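Here's the letter readout for the chains.
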Amino acid sequence: VRILHAADIHRDSPFSRLSPEGGAARRRELREAFSRLTALLRDGDVDVALLAGDLFDREFVTPATVELLVREFTACPRCRVVISPGNHDPYLSGGLYASGKLPPNVYVFRDEALSSFSFPEIGVVVHGFAFHGDRHEAAPLAGARAEADGALHLLCLHGDVGAPLSKYAPISEGDLASFGAAYAALGHRHVAGAPKEVGACRYAYAGCLVGRSFDEPGKGGAWLLSATRGEDGAWRLSPSEKVTLADRQYATLPVDLTGAEQAGEAEERVRAAVAASGYGQDTCLRVVAEGAV
């Protein structure tokens, strides 16, 4: 079983700090990255796509984005797309997720309580829940357990691991370990980090598909992994592979200017540091001057 995990795509972000032209360019890059994601679903032999929330920003979503989502998901009919609505794209009675416009290969969690979608043809069960507003203070996994039925149990969650007082679906590592899933696909934190293991469960944040500011550094993307069932009936996961889908990144470069006596000398140090960093035209670079002059 081949699995893709993405989250925090934030289609139609306003990019309000940029000029109208700059904001439009960045939104276009978001659309292009999303199209690369769905091309991967279509051409990469993906059986299950886990989209862990904040697919779009409900305040800014446009009819053109709705048409794009429907068109792109329709183009990959053999991939089961499972969506766990987050705090920016909650499940609302008048919203896209409840509209019936999405194709039949898209499965959206509707309830605030944990529920599941079963795909017996590939031996997979996906568990998740939905935000119904901009907060979800209940712990979604508290006391929950997956059935020991031999299926590959996966979690698709928009939430906050290790933050018990979070207003955004607090999740403890203990709950992840005891639930009984092989993999937990998480959304909400915009910087991916490395996958972690807790008990028999691997969990990871996908991070943003495309970074939108300096607090979302690096080129965004998605996790790809496979699960195979051994002769003993146990499921085993392959190493998680990060697939880059963005063509632009934000980065911050500290430069020590200690001892510089003239502006020209400081400029030379900055230019040298930028050249040595290897960043190119695909990088929005912030230089932070440090030291005493």
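The coordinates are above.
Residues numbered from 1 in each chain as written. Predicted model: local features only at pLDDT ≥ 70, side-chain atom pairs only at ≥ 80, totals over all residues. Heavy atoms only, no water.

### Quick word on the overall build of the protein
Scanning the protein from N- to C-terminus turns up four helices and 17 strands. With respect to the principal axes defined by its C-alpha atoms, the protein has extents near 70 × 45 × 40 Å. Out of the 293 residues in the protein, the part that is buried amounts to 48%. The long-range share in the protein, meaning contacts at least 24 apart out of those at least 6 apart in sequence, stands at 68%. Across the protein, 30 positive and 38 negative side-chain charges occur, with their mean positions spaced 3 Å apart. (Helix = DSSP H or I, 4+ residues; strand = E, 2+ residues; numbered from the N terminus. Buried < 20%, exposed > 50% of the residue type's maximum accessible area, 1.4 Å probe, protein only. Contact = heavy atoms within 4.5 Å. Lys, Arg positive; Asp, Glu negative; His and termini not counted. Charge placed at Lys NZ, Arg CZ, Asp CG, Glu CD.)

### Comments concerning the pairing of strand S10 (residues 183–187)
The buried fraction of S10 is high, at five of five residues. The sheet contact formed by strand S7 (residues 152–158) and S10 spans five bridges and is parallel. Paired with Cys156 across the bridge in S10 is Ala185. Sheet topology places S10 next to strand S12 (residues 201–205); four bridges connect them, and they run parallel. Pairing of Ala184 across the sheet is with Tyr203, part of S12. (Pairing = 2+ DSSP bridges.)

### Some remarks on the layout of surface pockets
Taking a probe equal in size to a water molecule and rolling it over the atoms shows the remaining empty space. Within this model, the second largest pocket holds a volume of roughly 160 Å³. Lining of the second largest pocket is provided by 13 residues; of these, Tyr97, Leu102, Val106, Val108 and Arg110 occupy positions nearest its centre. Looking at the lining of the second largest pocket, the element that brings in the most residues is strand S4 (residues 106–108), giving three residues. When grouped by side-chain class, the residues that make up the lining of the second largest pocket number 10 nonpolar, one polar and two charged. (1 Å grid on protein atoms, 1.4 Å probe; cavity = no way out; pocket = protein on both sides within 12 Å on 5 of 7 lines; lining within 4 Å. Points joined across faces, edges and corners; volume = space filled by probe spheres on them. Nonpolar A, V, L, I, M, F, W, Y, C, P; charged D, E, K, R; others polar.)

### Remarks on the pattern of salt bridges
Pairing between side chains of opposite charge can happen when the charged atoms of each approach one another. Considering all chains together, one arrives at 15 salt bridges under this definition. Between Glu29 and Arg248 there is a salt bridge, with the nearest N and O atoms lying 2.8 Å from each other. Of the two residues, Glu29 sits in helix H1 (residues 20–43) while Arg248 sits in the loop between strand S15 (241–244) and strand S16 (249–256), which places them 219 residues apart along the sequence. With relative accessibility at 24%, the residue Arg248 sits in the partly exposed group. Ionic contacts of the salt-bridge type, sharing partners, join the residues Asp45, Asp47 and Arg78 into one network. (Salt bridge = Lys/Arg side-chain N within 4 Å of Asp/Glu carboxyl O.)

### Digging into the pairing of strand S2 (residues 48–51)
Neither face of S2 is left uncovered, since the one carrying Val48 and Leu50 and the one carrying Ala49 and Leu51 both have all their residues buried. By the bridge criterion, four bridges tie strand S1 (residues 2–6) to S2 in an arrangement that is parallel. Bridge pairing in S2 places Ala6 opposite Leu51. Direction of pairing for S2 relative to strand S3 (residues 80–83): parallel, over a ladder of four bridges. Paired with Leu51 across the strands is Ile83, a residue of S3. In this fold, S2 hands off to helix H2 (residues 63–74), which returns the chain to S3; that crossover is right-handed. (Right-handed = clockwise from strand over helix to strand, strands pointing away.)

### Description of the side chain of His10
Mapped onto the fold, His10 is located in the loop between S1 and H1. If near-sequence neighbours (up to four positions away) are discounted, His10 is found in contact with Leu30, Asp54, Leu55, Phe56, Asp57, His88, His190 and Arg212.

### Some words on the packing of aromatic side chains
Evaluation of the coordinates by the stated rule reveals seven aromatic pairs. Site record: aromatic cluster; members linked through ring pairs are Tyr107, Phe109, Phe117 and Phe119. Above the ring of Trp223, the side-chain terminus of Lys242 is found at 5.0 Å from the ring centroid. (Phe/Tyr/Trp six-rings, centres within 6.5 Å; stacked < 30°, edge-to-face > 60°. Lys NZ or Arg CZ within 6 Å of the ring centre and 35° of its normal.)

### Remarks on the side chain of Thr65
Inspection of the secondary structure puts Thr65 in helix H2. For Thr65, a relative accessible area of 1% corresponds to the buried category.

Read these as layout, nothing more, since geometry by itself doesn't imply function.
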